[in-house]
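Now for the letters of each chain:
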Amino acid sequence: MLAAVKRYQQLSDDDLVCRYIGGDGRAAEVLWQRHERLCRGIARKVVRGHDNVEEALAQARLTVLEEVGGYRPGTRYIAWLRQVAWTNALDVARANRRCPLPGSTDERWSWLVDQAAEVPEEIASGLHERGGRLRPLIDQLIPRLRDVVWMRAVGASIDTIAAVLGVPMGTVKSRLGAARMQLRELERDAQSAGEV
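Figured I'd write up the structure that's included with this text. (Residues numbered from 1 in each chain as written. Predicted model: local features only at pLDDT ≥ 70, side-chain atom pairs only at ≥ 80, totals over all residues. Heavy atoms only, no water.)

**Details of the overall build of the protein**
Point 1. For the protein, the helix and strand inventory stands at ten helices and zero strands.
Point 2. Ordered by position from N to C terminus, the α and β elements of the protein give α-α-α-α-α-α-α-α-α-α.
Point 3. The buried share of the protein, taken over its 196 residues, is 40%.
Point 4. Residue pairs in contact within the protein that sit at least 24 positions apart in sequence constitute 59% of those at least 6 positions apart.
Point 5. Looking at the protein as shown, the accessible area adds up to about 11500 Å², and 50% of this sits on carbon and sulfur atoms. (Helix = DSSP H or I, 4+ residues; strand = E, 2+ residues; numbered from the N terminus. Buried < 20%, exposed > 50% of the residue type's maximum accessible area, 1.4 Å probe, protein only. Contact = heavy atoms within 4.5 Å. Areas by Shrake-Rupley, 256 points an atom, 1.4 Å probe, with all protein chains shown as cover.)

What follows is the structure, given as C-alpha coordinates:
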(Lines give C-alpha, C1' and ligand atoms only; values in the text may rest on other atoms or scores of the structure.)
Protein backbone atom coordinates (compact mmCIF):
# COMPACT_ATOMS: atom_id res chain seq x y z
CA MET A 1 0.00 0.00 0.00
CA LEU A 2 2.76 2.46 1.00
CA ALA A 3 4.74 1.57 -2.12
CA ALA A 4 1.68 2.30 -4.28
CA VAL A 5 1.22 5.72 -2.66
CA LYS A 6 4.89 6.57 -3.24
CA ARG A 7 4.59 5.44 -6.83
CA TYR A 8 1.65 7.81 -7.36
CA GLN A 9 3.48 10.68 -5.68
CA GLN A 10 6.40 10.27 -8.06
CA LEU A 11 4.17 10.65 -11.13
CA SER A 12 3.96 14.00 -12.91
CA ASP A 13 0.75 16.01 -12.95
CA ASP A 14 0.18 15.04 -16.58
CA ASP A 15 0.61 11.33 -15.80
CA LEU A 16 -1.88 11.60 -12.94
CA VAL A 17 -4.38 13.43 -15.16
CA CYS A 18 -4.08 10.71 -17.82
CA ARG A 19 -4.59 8.02 -15.19
CA TYR A 20 -7.66 9.79 -13.79
CA ILE A 21 -9.16 10.20 -17.26
CA GLY A 22 -8.53 6.49 -17.70
CA GLY A 23 -10.67 5.78 -14.61
CA ASP A 24 -8.10 5.75 -11.78
CA GLY A 25 -9.75 7.64 -8.91
CA ARG A 26 -6.68 7.43 -6.69
CA ALA A 27 -4.74 9.51 -9.24
CA ALA A 28 -7.25 12.34 -8.83
CA GLU A 29 -6.91 12.17 -5.04
CA VAL A 30 -3.10 12.37 -5.19
CA LEU A 31 -3.32 15.24 -7.67
CA TRP A 32 -5.70 17.19 -5.43
CA GLN A 33 -3.60 16.59 -2.30
CA ARG A 34 -0.54 17.82 -4.17
CA HIS A 35 -2.14 21.16 -5.07
CA GLU A 36 -4.80 21.75 -2.40
CA ARG A 37 -2.60 24.25 -0.56
CA LEU A 38 -2.24 26.35 -3.71
CA CYS A 39 -6.02 26.35 -4.27
CA ARG A 40 -6.64 27.26 -0.62
CA GLY A 41 -4.26 30.21 -0.92
CA ILE A 42 -6.08 31.47 -4.00
CA ALA A 43 -9.47 31.09 -2.28
CA ARG A 44 -8.24 33.03 0.76
CA LYS A 45 -7.18 35.92 -1.47
CA VAL A 46 -10.63 36.18 -3.01
CA VAL A 47 -13.16 35.28 -0.29
CA ARG A 48 -13.35 35.95 3.42
CA GLY A 49 -14.32 33.50 6.11
CA HIS A 50 -13.50 29.86 6.65
CA ASP A 51 -16.83 28.59 5.32
CA ASN A 52 -16.50 30.58 2.10
CA VAL A 53 -12.94 29.35 1.58
CA GLU A 54 -14.07 25.77 2.09
CA GLU A 55 -16.98 26.28 -0.31
CA ALA A 56 -14.63 27.69 -2.95
CA LEU A 57 -12.29 24.72 -2.47
CA ALA A 58 -15.13 22.21 -2.76
CA GLN A 59 -16.34 23.85 -5.96
CA ALA A 60 -12.82 23.95 -7.39
CA ARG A 61 -12.32 20.27 -6.61
CA LEU A 62 -15.62 19.35 -8.22
CA THR A 63 -14.75 21.42 -11.28
CA VAL A 64 -11.37 19.69 -11.55
CA LEU A 65 -13.00 16.27 -11.35
CA GLU A 66 -15.68 17.13 -13.90
CA GLU A 67 -13.64 19.17 -16.37
CA VAL A 68 -10.17 17.67 -16.22
CA GLY A 69 -10.90 16.21 -19.64
CA GLY A 70 -10.63 19.78 -20.94
CA TYR A 71 -7.03 19.99 -19.76
CA ARG A 72 -4.52 19.11 -22.48
CA PRO A 73 -1.56 17.12 -21.13
CA GLY A 74 1.66 18.76 -22.18
CA THR A 75 0.46 22.23 -21.21
CA ARG A 76 0.94 23.52 -17.66
CA TYR A 77 -1.51 21.77 -15.34
CA ILE A 78 -0.72 24.19 -12.53
CA ALA A 79 -1.77 27.18 -14.68
CA TRP A 80 -5.03 25.43 -15.58
CA LEU A 81 -5.66 24.59 -11.92
CA ARG A 82 -4.97 28.18 -10.80
CA GLN A 83 -7.56 29.43 -13.26
CA VAL A 84 -10.09 26.86 -12.02
CA ALA A 85 -9.44 27.82 -8.37
CA TRP A 86 -9.61 31.54 -9.13
CA THR A 87 -12.84 31.26 -11.13
CA ASN A 88 -14.56 29.16 -8.46
CA ALA A 89 -13.46 31.52 -5.67
CA LEU A 90 -14.83 34.48 -7.63
CA ASP A 91 -18.11 32.61 -8.11
CA VAL A 92 -18.38 32.12 -4.34
CA ALA A 93 -17.51 35.77 -3.71
CA ARG A 94 -20.17 36.90 -6.18
CA ALA A 95 -22.77 34.53 -4.74
CA ASN A 96 -22.08 35.82 -1.23
CA ARG A 97 -21.77 39.42 -2.29
CA ARG A 98 -23.23 41.86 0.15
CA CYS A 99 -23.71 45.40 -0.98
CA PRO A 100 -20.86 46.98 0.94
CA LEU A 101 -21.97 50.54 0.38
CA PRO A 102 -25.27 51.95 1.65
CA GLY A 103 -27.25 54.16 -0.70
CA SER A 104 -27.35 57.73 0.59
CA THR A 105 -24.30 59.92 1.08
CA ASP A 106 -24.89 60.23 4.84
CA GLU A 107 -25.36 56.47 5.23
CA ARG A 108 -22.19 55.89 3.20
CA TRP A 109 -20.17 58.24 5.33
CA SER A 110 -21.50 56.70 8.58
CA TRP A 111 -20.71 53.25 7.25
CA LEU A 112 -17.21 54.35 6.27
CA VAL A 113 -16.54 55.86 9.69
CA ASP A 114 -17.85 52.67 11.38
CA GLN A 115 -15.54 50.58 9.24
CA ALA A 116 -12.57 52.76 10.15
CA ALA A 117 -12.52 51.05 13.55
CA GLU A 118 -11.23 47.95 11.78
CA VAL A 119 -8.65 49.87 9.74
CA PRO A 120 -5.15 50.58 11.14
CA GLU A 121 -5.05 53.84 13.10
CA GLU A 122 -2.85 55.76 10.67
CA ILE A 123 -5.31 55.06 7.85
CA ALA A 124 -8.37 55.73 10.02
CA SER A 125 -7.09 59.15 11.13
CA GLY A 126 -6.45 60.04 7.51
CA LEU A 127 -10.00 59.01 6.63
CA HIS A 128 -11.48 61.30 9.23
CA GLU A 129 -9.16 64.19 8.42
CA ARG A 130 -8.76 64.27 4.65
CA GLY A 131 -11.79 62.05 3.98
CA GLY A 132 -14.03 64.58 5.68
CA ARG A 133 -12.74 67.26 3.31
CA LEU A 134 -13.00 65.00 0.29
CA ARG A 135 -16.44 63.62 1.06
CA PRO A 136 -18.36 66.13 -1.07
CA LEU A 137 -15.83 65.64 -3.87
CA ILE A 138 -16.03 61.84 -3.72
CA ASP A 139 -19.80 62.11 -4.00
CA GLN A 140 -19.37 63.98 -7.29
CA LEU A 141 -17.66 60.97 -8.89
CA ILE A 142 -19.68 58.68 -11.12
CA PRO A 143 -20.91 55.59 -9.22
CA ARG A 144 -18.43 53.08 -10.66
CA LEU A 145 -15.51 55.29 -9.57
CA ARG A 146 -17.08 56.32 -6.28
CA ASP A 147 -17.65 52.71 -5.21
CA VAL A 148 -14.01 51.66 -5.67
CA VAL A 149 -12.85 54.77 -3.78
CA TRP A 150 -15.12 53.99 -0.79
CA MET A 151 -14.08 50.33 -0.69
CA ARG A 152 -10.39 51.17 -0.99
CA ALA A 153 -10.75 53.82 1.71
CA VAL A 154 -11.76 51.20 4.26
CA GLY A 155 -8.84 48.98 3.37
CA ALA A 156 -10.34 46.56 0.85
CA SER A 157 -7.65 45.02 -1.35
CA ILE A 158 -7.72 45.35 -5.13
CA ASP A 159 -8.58 41.66 -5.58
CA THR A 160 -11.39 41.86 -2.99
CA ILE A 161 -12.88 44.91 -4.71
CA ALA A 162 -12.64 43.09 -8.05
CA ALA A 163 -14.41 40.04 -6.60
CA VAL A 164 -17.17 42.10 -4.99
CA LEU A 165 -17.81 44.13 -8.14
CA GLY A 166 -17.35 41.18 -10.48
CA VAL A 167 -14.73 42.93 -12.62
CA PRO A 168 -11.06 42.19 -13.38
CA MET A 169 -8.38 43.59 -11.05
CA GLY A 170 -7.05 45.74 -13.90
CA THR A 171 -10.44 47.42 -14.16
CA VAL A 172 -10.37 48.25 -10.44
CA LYS A 173 -6.88 49.74 -10.81
CA SER A 174 -7.98 51.79 -13.81
CA ARG A 175 -11.02 53.08 -11.95
CA LEU A 176 -8.91 54.01 -8.94
CA GLY A 177 -6.48 55.88 -11.18
CA ALA A 178 -9.30 57.72 -12.92
CA ALA A 179 -10.90 58.54 -9.56
CA ARG A 180 -7.60 59.92 -8.21
CA MET A 181 -7.20 62.18 -11.25
CA GLN A 182 -10.78 63.43 -11.00
CA LEU A 183 -10.50 63.98 -7.24
CA ARG A 184 -7.29 66.01 -7.67
CA GLU A 185 -9.01 68.10 -10.31
CA LEU A 186 -12.15 68.56 -8.19
CA GLU A 187 -10.02 69.40 -5.13
CA ARG A 188 -8.05 72.03 -7.10
CA ASP A 189 -11.27 73.55 -8.38
CA ALA A 190 -12.79 73.58 -4.88
CA GLN A 191 -9.62 75.16 -3.40
CA SER A 192 -9.55 77.89 -6.01
CA ALA A 193 -13.24 78.56 -5.27
CA GLY A 194 -12.47 78.54 -1.52
CA GLU A 195 -14.81 75.60 -0.75
CA VAL A 196 -12.29 73.12 0.70
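Next, the rest of the story.
**Regarding the packing of aromatic side chains**
Point 1. Here the structure, examined in full by the defined rule, presents three aromatic pairs.
Point 2. Both rings, one in Tyr71 and one in Trp80, keep their centres 5.9 Å apart while their planes meet at 50 degrees; by these two values the pair is tilted.
Point 3. Since its relative accessible area comes to 3%, Tyr71 is described here as buried.
Point 4. Through a chain of ring-to-ring contacts, the aromatic side chains of Tyr71, Tyr77 and Trp80 assemble into a single cluster. (Phe/Tyr/Trp six-rings, centres within 6.5 Å; stacked < 30°, edge-to-face > 60°.)

**So, empty space enclosed by the protein**
Point 1. Under the counting rule described, the total for this entry stands at two cavities of 30 Å³ or more.
Point 2. The computed volume of the largest cavity comes to approximately 40 Å³.
Point 3. As for the largest cavity, its lining consists of Ala28, Leu31, Trp32, Arg61, Val64, Leu65 and Tyr77.
Point 4. Those elements that place two or more of their residues in the lining of the largest cavity are helix 3 (25-46) and helix 4 (50-67).
Point 5. Of the residues belonging to the lining of the largest cavity, the class tally is six nonpolar, no polar and one charged.
Point 6. One number sums up the size of the second largest cavity: a volume of about 30 Å³.
Point 7. Surrounding the second largest cavity, Tyr20, Ala28, Leu31, Val64, Leu65 and Val68 form its lining.
Point 8. Among the secondary structure elements, those contributing two or more residues to the lining of the second largest cavity are helix 3 and helix 4.
Point 9. For the lining of the second largest cavity, the per-class residue count stands at six nonpolar, no polar and no charged. (1 Å grid on protein atoms, 1.4 Å probe; cavity = no way out; pocket = protein on both sides within 12 Å on 5 of 7 lines; lining within 4 Å. Points joined across faces, edges and corners; volume = space filled by probe spheres on them. Nonpolar A, V, L, I, M, F, W, Y, C, P; charged D, E, K, R; others polar.)

**What to know about the nonpolar core**
Proteins that are soluble and globular tend to have nonpolar side chains buried together.
Point 1. Judged by nonpolar contacts, the single largest core of 30 residues is most densely connected at Leu16, Val46, Tyr77 and Trp80.
Point 2. If you tally residues by element for this core, the top one is helix 5 (residues 77-95), at nine residues.
Point 3. Every residue in contact with Val46, bar those within four places of it in the chain, is listed here: Trp86, Ala89, Leu90, Ala93 and Ala163. (Core = buried A, V, L, I, M, F, W, Y, C linked by side-chain atoms within 4.5 Å.)

**Describing the packing of helix 3 against helix 4**
Point 1. Direction vectors running N to C along helix 3 and helix 4 enclose 140 degrees, while the axes themselves pass 10 Å from each other. Classified by the angle their axes make, helix 3 and helix 4 are oblique. Relative to helix 4, helix 3 is oriented so that their crossing is right-handed. Where helix 3 approaches helix 4, its residues Ala28, Glu29, Trp32, Glu36, Cys39, Arg40, Ala43 and Arg44 are matched on the opposing element by Val53, Glu54, Ala56, Leu57, Ala60, Arg61 and Leu65.
Point 2. For the contact of helix 3 with helix 4, the residue count by class is nine nonpolar, no polar and six charged. (Axes fitted to C-alpha atoms, helices over the stretch in contact; angles between N-to-C directions. Parallel < 35°, antiparallel > 145°, perpendicular 65-115°, else oblique. Left-handed = near helix turned anticlockwise from the far one by under 90°.)

**As for the environment of Asp24**
Point 1. Positionally, Asp24 belongs in the loop between helix 2 (13-21) and helix 3.
Point 2. If sequence neighbours within four positions are ignored, Asp24 has contacts with Tyr8 and Arg19.
Point 3. Among the polar contacts made by the side chain of Asp24, one reaches the main-chain amide nitrogen of Arg26 at a distance of 3.1 Å. (Polar contact = N/O pair within 3.5 Å; in protein donor to acceptor, adjacent residues only side chain to side chain.)

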